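# Remarks on the overall topology
One-letter residues, chain by chain:
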Amino acid sequence: MFSISTFGFTLKKYFEYQFLNPIGLRTGIISFMGIIVSFIALRMIRKPKYDI
C-alpha cells in the first residue's frame, strides 16, 4: 500500500484512519457505492438489445 510505504504508517494505523475516522469511513462508503453503481451500469449495458 502506498501510504504504508511512503508515510511509514503501520497497518493498524492505516485501518484506524480508514474505518474509525468519520472522514475515512465516509470516503470508503462513497467509493464502495460508486463501485456498486458502476457494476450495475456495466451489467445493464452488456445486456443484449432485442429491439429492431
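Please read all numbers here as calculations on a predicted model, not as lab measurements. (Residues numbered from 1 in each chain as written. Predicted model: local features only at pLDDT ≥ 70, side-chain atom pairs only at ≥ 80, totals over all residues. Heavy atoms only, no water.)

The interhelical angle for the contact between helix α2 (residues 11-19) and helix α3 (residues 22-46), taken along N-to-C directions, is 75°, at an axis separation of 5 Å. It follows that α2 is roughly perpendicular to α3 by the angle criterion. Along the contact surface, α2 presents Tyr17, Gln18 and Phe19, while α3 presents Gly24, Leu25 and Gly28. (Axes fitted to C-alpha atoms, helices over the stretch in contact; angles between N-to-C directions. Helix = DSSP H or I, 4+ residues; strand = E, 2+ residues; numbered from the N terminus. Parallel < 35°, antiparallel > 145°, perpendicular 65-115°, else oblique. Contact = heavy atoms within 4.5 Å.)

The next thing to look at is α3. Along its 25 residues, α3 runs 36 Å from first to last C-alpha, staying within 8% of the 36 Å computed at 1.5 Å per residue. Summarising burial for α3: 1 of the 25 residues are buried, a small minority. (Expected span 1.5 Å × (residues − 1). Buried < 20%, exposed > 50% of the residue type's maximum accessible area, 1.4 Å probe, protein only.)

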